[in-house]
Amino acid sequence: MSIQKHLQEILSALPEGVRLVAVSKTREADQIMEAYLAGHRDFGESKAQEMVPKYEALPKDIRWHMVGHLQRNKVKQIAPFVHLIHSVDSPRLLKEIHKQGEKHQRRIDCLLQIHIAEESTKFGMDQQELVDLLESDLYRQLKFVRICGLMGMATFTEDSQKVRGEFRHLREQFQLVKEKYFSSDDAFCELSMGMSDDYLLGIEEGSTMVRVGSAIFGQRS
Ligand SMILES: *Cc1c(COP(=O)(O)O)cnc(C)c1O
């Protein structure tokens, strides 16, 4: 099946209000253009050094999402154009994004990545780190970042009950944080959860953004 067909199929399964980020890491420009010509504009990358040349080569109305772990020294490469950083996992990274945003006089939208999986290899903050950040003085000074919600990655497992439980836990954290820290901030509204193997579960548990790669472009080699 073609990229276009896969896209259509996935989009038709998304309820209103859920956005699809087509994760295009490792894909060539012609594959991305196939999705673009089908009307898609939101693409996700996991490495700054891969995102930058694609940004330069491809149409400028593409919204580039950073979904992978981001090193502080790479922020400056993507700060001029990135649409949303899903993977903010430390106060130091947030501070660097603010600094680069100030340099370019643009406020950069971010999601805070929360560790919900069993595997310790997946990045993200725990509940305490999240609360500490949101209650810190540092956070209030960062005028060039805007926190738009939370992101999480479930455990890589066939056990869908486990995945569902992890997504549900993230959704509950989202609601608590929303009530306590962002109740009058409409921008805090995104919950990025769900990939090729679990995006339907993510949606059932309240995702507003799914990050899907291989189900659109095929298996990565
Ligand atoms: C690669 C990646 C995805 C997409 O994974 P697929 O299984 O190909 O859909 C989603 N989110 C993150 C953070 C990724 O690194």
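For the structure itself, consult the block above.
Here we summarise the structure given alongside this text. (Residues numbered from 1 in each chain as written. Predicted model: local features only at pLDDT ≥ 70, side-chain atom pairs only at ≥ 80, totals over all residues. Heavy atoms only, no water.)

1. Points about the layout of surface pockets
Link 1 in the chain: Here the largest pocket defines a volume of roughly 720 Å³.
Link 2 in the chain: Taken together, 33 residues make up the lining of the largest pocket; nearest its centre are Lys122, Met153, Phe156, Met195 and Ser196.
Link 3 in the chain: Elements with a contribution of two residues or more to the lining of the largest pocket: strand S6 (145-153), helix H8 (160-181) and strand S8 (209-212).
Link 4 in the chain: In the lining of the largest pocket, the residues fall into eleven nonpolar, 14 polar and eight charged.
Link 5 in the chain: Every residue lining the second largest pocket is listed: Arg107, Tyr139, Arg140, Leu142, Lys143, Val145, Arg146, Ile147, Phe182 and Asp185.
Link 6 in the chain: Counting only elements with at least two residues in the lining of the second largest pocket, the list comes to helix H7 (137-141) and S6.
Link 7 in the chain: In terms of residue count, S6 provides more of the lining of the second largest pocket than any other element does, three residues in total. (1 Å grid on protein atoms, 1.4 Å probe; cavity = no way out; pocket = protein on both sides within 12 Å on 5 of 7 lines; lining within 4 Å. Points joined across faces, edges and corners; volume = space filled by probe spheres on them. Helix = DSSP H or I, 4+ residues; strand = E, 2+ residues; numbered from the N terminus. Nonpolar A, V, L, I, M, F, W, Y, C, P; charged D, E, K, R; others polar.)

2. Brief notes about the side chain of Ser87
Link 1 in the chain: Note that Ser87 resides in strand S4 (residues 84-88).
Link 2 in the chain: Judged by its relative accessible area of 0%, Ser87 is buried.
Link 3 in the chain: A polar side-chain atom of Ser87 sits 2.6 Å from the main-chain carbonyl oxygen of Gly68.
Link 4 in the chain: Other than its neighbours up to four places away in sequence, Ser87 contacts Met66, Val67, Gly68, His69, Leu93, Leu111, Gln113 and Met151. (Buried < 20%, exposed > 50% of the residue type's maximum accessible area, 1.4 Å probe, protein only. Polar contact = N/O pair within 3.5 Å; in protein donor to acceptor, adjacent residues only side chain to side chain. Contact = heavy atoms within 4.5 Å.)

3. Observations regarding the pattern of salt bridges
Link 1 in the chain: Evaluated as defined, the whole model comprises 15 salt bridges.
Link 2 in the chain: Salt-bridge contacts for Lys180 lead to Glu135; the nearest nitrogen and oxygen are separated by 3.5 Å. With a gap of 45 residues between them, Lys180 in helix H8 and Glu135 in the loop between helix H6 (127-134) and H7 connect regions that are remote in the sequence.
Link 3 in the chain: The partly exposed category is assigned to Glu135, whose relative accessible area is 42%.
Link 4 in the chain: Ionic contacts of the salt-bridge type, sharing partners, join the residues Arg19, Asp42, Arg63 and Glu190 into one network. (Salt bridge = Lys/Arg side-chain N within 4 Å of Asp/Glu carboxyl O.)

4. Brief notes about the site of the ligand
Link 1 in the chain: Contacts to the ligand come from Val23, Lys25, Val67, Met153, Met195, Ser196, Arg211, Val212, Gly213, Ser214 and Arg220.
Link 2 in the chain: Taking Lys25, its side chain carries an N or O atom lying 2.7 Å from an oxygen atom of the ligand.
Link 3 in the chain: Within the complex, 91% of the 390 Å² of free accessible area of the ligand lies under protein.
Link 4 in the chain: Structurally, the ligand is housed in the largest pocket.
Link 5 in the chain: Looking at the shell around the ligand residue by residue, the classes come out as five nonpolar, three polar and three charged. (Near = heavy atom within 4 Å. Areas by Shrake-Rupley, 256 points an atom, 1.4 Å probe, with all protein chains shown as cover. Sits in = over half its atoms within 2 Å of the grid points.)

5. Examining helix H1 (residues 3-13)
Link 1 in the chain: All buried positions along H1 are accounted for by Ile3, His6, Leu7 and Ile10. The arc that holds every buried residue of H1, seen down its axis, measures 100°, which confines them to one face.
Link 2 in the chain: Residues of H1 that are buried sit in contact with strand S1 (19-23), helix H2 (29-37), helix H9 (199-204), S8 and helix H10 (214-217). (Arc of directions from axis to C-beta.)

6. Concerning the packing of aromatic side chains
Link 1 in the chain: Under the criterion given, the structure shown has four aromatic pairs.
Link 2 in the chain: Measuring from ring centre to ring centre gives 3.8 Å for Tyr55 and Phe81, while their planes differ by 5°; the resulting arrangement is stacked. One end of the pair, Tyr55, is in helix H3 (residues 48-57); the other, Phe81, is in the loop between helix H4 (75-78) and S4, with 26 residues separating them in the sequence.
Link 3 in the chain: Its relative accessible area of 23% is what places Tyr55 among the partly exposed residues.
Link 4 in the chain: Plain terms: the ring middles of Phe182 and Phe188 are 4.0 Å apart, the flat faces sit at 10° to each other, and that makes the pair stacked. Like Phe182, the residue Phe188 is buried in the burial classification.
Link 5 in the chain: Members of the aromatic cluster, connected to one another through ring pairs, are Phe174, Phe182 and Phe188. (Phe/Tyr/Trp six-rings, centres within 6.5 Å; stacked < 30°, edge-to-face > 60°.)

Treat this as a map of the structure, not an account of what it does.
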